[in-house]
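Summary of structural features
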Amino acid sequence: QAYRKGNYKLHLYSIPVLYSGEKSVKFDEPVLYDLRQDIGEMKNIAADHPEVVADILKAIEKHQAGVTIASPLFDRRMADY
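Below is a summary of the structure that appears in this document. Just so we're clear, the structure is a prediction, and the values are computed from it rather than from any experiment.

Parameters and conventions
- Residues numbered from 1 in each chain as written.
- Predicted model: local features only at pLDDT ≥ 70, side-chain atom pairs only at ≥ 80, totals over all residues.
- Heavy atoms only, no water.
- Pairing = 2+ DSSP bridges.
- Helix = DSSP H or I, 4+ residues; strand = E, 2+ residues; numbered from the N terminus.
- Polar contact = N/O pair within 3.5 Å; in protein donor to acceptor, adjacent residues only side chain to side chain.
- Contact = heavy atoms within 4.5 Å.
- Axes fitted to C-alpha atoms, helices over the stretch in contact; angles between N-to-C directions.

Here strand E1 (residues 2-5) pairs with strand E2 (residues 8-13) via four bridges, running antiparallel. Looking across to E2, one finds that Arg4 is bridged to Lys9. Turn length for the E1-E2 hairpin, with the two strands adjacent in sequence and antiparallel, is two residues, and the turn residue Gly6 shows positive phi of about 65 degrees.

What follows concerns the side chain of His11. Mapped onto the secondary structure, His11 falls in strand E2. In terms of polar contacts, His11 uses its side chain to reach the side chain of Glu41, at 2.9 Å. Once you skip the residues sitting within four places of it in the chain, His11 turns out to touch Gln1, Ala2, Phe27, Pro30, Val31, Tyr33 and Glu41.

Another point: the sheet that holds E2. Read from one edge of the open sheet, three strands run E1-E2-E3, paired in antiparallel fashion. At either margin of the open sheet sits one strand with a lone partner, and together these are E1 and strand E3 (26-34). Ignoring which end each strand starts from, the neighbouring axes of this sheet average 15 degrees apart. Contacting E1, E2 and E3, helix H1 (residues 50-65) runs over the sheet at an angle of about 65 degrees to E2.

This part takes up unusual backbone geometry. One non-glycine residue, Glu41, lies in positive phi territory at about 50 degrees. Looking at the secondary structure, you find Glu41 in the loop between E3 and H1.

That's the geometry; what it means functionally is another story.
Right under this line is the structure:
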């Protein structure tokens, strides 16, 4: 999961190499990038901008509080039809 706000992008999980079979892993601490300065997402600036991290985490929490989780549509057995 990653969230973007303005020029900042906050990652909560690792990004596995495509087709590697690796699983995404939740980071102990979120990782923050400034895409205006670092389009390749190479330099984690979370420690330098804790207020940005807190602001994005607050926005995530608010968003998730308003989301209703629905049952998956494609997990139903064919017998249900």
